[in-house]
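If you want the building blocks of each chain, they are given just below.
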Amino acid sequence: MTGLHLAVALDGRHFDADRWVDLAREADDARLDFVTFEDTFGPPAGGGRPDAVLVAARVAPLTRHIGLVPVATTTHTEPFHLSTALATLDYVSNGRAGWQPRVSGDPAEAALLGRREPLGVEELFAEAADAVEVVRRLWDSWQDDAIIKDIATGRFIDRERLHYIDFDGPYFSVKGPSIVPRPPQGQPVVAALAHIPVAWEFAARSADLVFITPSDADDAARIIGKLDRRLKVYADVVVHLGEGGTVQQIADLIQGWARAGLDGFRLRPGRLPHDLTAITRELVPELRRRGLFTPSEKSTLRDRLGLPVAVNRYQEAGRA
């Protein structure tokens, strides 16, 4: 059991930019593979929270290694805007961006816009799948060599290397191309939380990696057996130390669950910053001592997670 990947989930309602930077740097210094930033479309109970994509963009230039994967809701959000924001995050972070799409069936969130009644669960995930497809097409709408910057002739973009995506579906109609060049990774990493069967189907269609919430190692193996084999599978583990949970026990749990065939774990600190520092300064060294985790030297998030090179669909179609 070697080569596990480790991530940490950050959640908070504070609007202090320096605090977010400190949390991300703590995870970065421990050489974790990536960090996720929680978010909802509407204000959660107890107050609002800052936009996760903007938080990731704030910490991106102040971190060095760690991948940055914000939650962004597809419901009520235009995929064109998501594609440009996430492509920009990939540029700001030098290829460390990802995205966790989320759906919302909350009537209160729908009422914020007043455009329509909330969709059913099946429709929400169908809309989300279309949104991810639009975003992925927009990321590919610029070929990697579309920017030529030929000052002598005044040609800065090769128009033959920009593509209309021509997406027309029940939820979105988008022509494109994007207004942002293709991201450094080609395709930033897309993650999904799969806690119900329809979410498993969405992950298989739209994601590169999936978070699961097993109850034990046998449950993890059962869930993995139902998932698309190409997906990277991470188990969510809540870390709440100091009141009956110990670092050794969490390490034992990770070691035991890893035998189910998991690719990695997303650790969810129960209290910030206390449980985060326990993860980075105590748990990570223990996992390294056991040979379960070795920090990656890869620079982009796709490479670090062992994902294949993102081939541009339009460039390949042109060659064909």
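One can find the structure itself at the top, above this paragraph.
This structure is a prediction, so every number in the text was calculated from the model and none was measured.

**Q** So what exactly am I meant to see when it comes to the sheet that holds strand E9 (residues 189–193) here?
**A** What holds strands together in a sheet is hydrogen bonding between their backbones, with the strands either parallel or antiparallel. One closed barrel holds the 8 strands; their spatial order is E1-E2-E3-E4-E9-E10-E11-E12, and the pairing between them is parallel. In this sheet, adjacent strand axes meet at a mean angle of 25° when their direction is disregarded. Pairing of strand E1 (residues 5–10) with strand E12 (residues 264–269), which is carried by 4 bridges, proceeds in the parallel orientation. In the strand pairing of E12, Leu6 is matched with Phe265.

**Q** Help me out: how do you make sense of the packing of aromatic side chains in this one?
**A** When we look at a pair of aromatic rings, we describe it by the centre distance and by the angle of the planes. Enumeration over the complete set of coordinates arrives at 5 aromatic pairs. Measuring from ring centre to ring centre gives 5.6 Å for Phe34 and Tyr234, while their planes differ by 65°; the resulting arrangement is edge-to-face. Placement of the pair is Phe34 in strand E2 (residues 34–37) and Tyr234 in strand E11 (residues 232–239), with a sequence separation of 200 residues. Overall, Tyr234 belongs to the buried group, its relative accessible area being 0%. Taking the centre distance of 6.2 Å and the plane angle of 75° together, the rings of Phe211 and Tyr234 count as edge-to-face. A residue pair is termed long-range when its members are at least 10 positions apart, and Phe211 in strand E10 (residues 209–212) and Tyr234 in strand E11 qualify at 23 residues. For Phe211, a relative accessible area of 0% translates into the label buried.

**Q** I'm lost on the pairing of strand E4 (residues 98–102) in this one. Help?
**A** Of all 5 residues that make up E4, 4 are buried, and the element is covered over most of its length. Here strand E3 (residues 67–73) pairs with E4 via 3 bridges, running parallel. Bridging across to E4, Ala72 finds its partner in Pro101. Of the crossover connections in this fold, the one passing from E3 over helix H3 (residues 79–92) to the parallel E4 is right-handed. Note that E4 and E9 share 2 bridges and pair parallel. In the strand pairing of E9, Trp99 is matched with Val190.

**Q** Mind showing me how you'd approach the pattern of salt bridges here?
**A** Oppositely charged side chains may form a pair once their charged atoms are brought near each other. Applying the stated criterion to the full structure yields 25 salt bridges. Residues Asp166 and Lys175 are paired through a salt bridge, measuring 3.1 Å at the closest nitrogen-oxygen approach. Each member of the salt-bridge network shares a partner with another, and the members are Glu133, Arg137, Asp140, Asp144, Arg182 and Arg313.

What counts as what
- Residues numbered from 1 in each chain as written.
- Predicted model: local features only at pLDDT ≥ 70, side-chain atom pairs only at ≥ 80, totals over all residues.
- Heavy atoms only, no water.
- Pairing = 2+ DSSP bridges.
- Helix = DSSP H or I, 4+ residues; strand = E, 2+ residues; numbered from the N terminus.
- Axes fitted to C-alpha atoms, helices over the stretch in contact; angles between N-to-C directions.
- Phe/Tyr/Trp six-rings, centres within 6.5 Å; stacked < 30°, edge-to-face > 60°.
- Buried < 20%, exposed > 50% of the residue type's maximum accessible area, 1.4 Å probe, protein only.
- Right-handed = clockwise from strand over helix to strand, strands pointing away.
- Salt bridge = Lys/Arg side-chain N within 4 Å of Asp/Glu carboxyl O.

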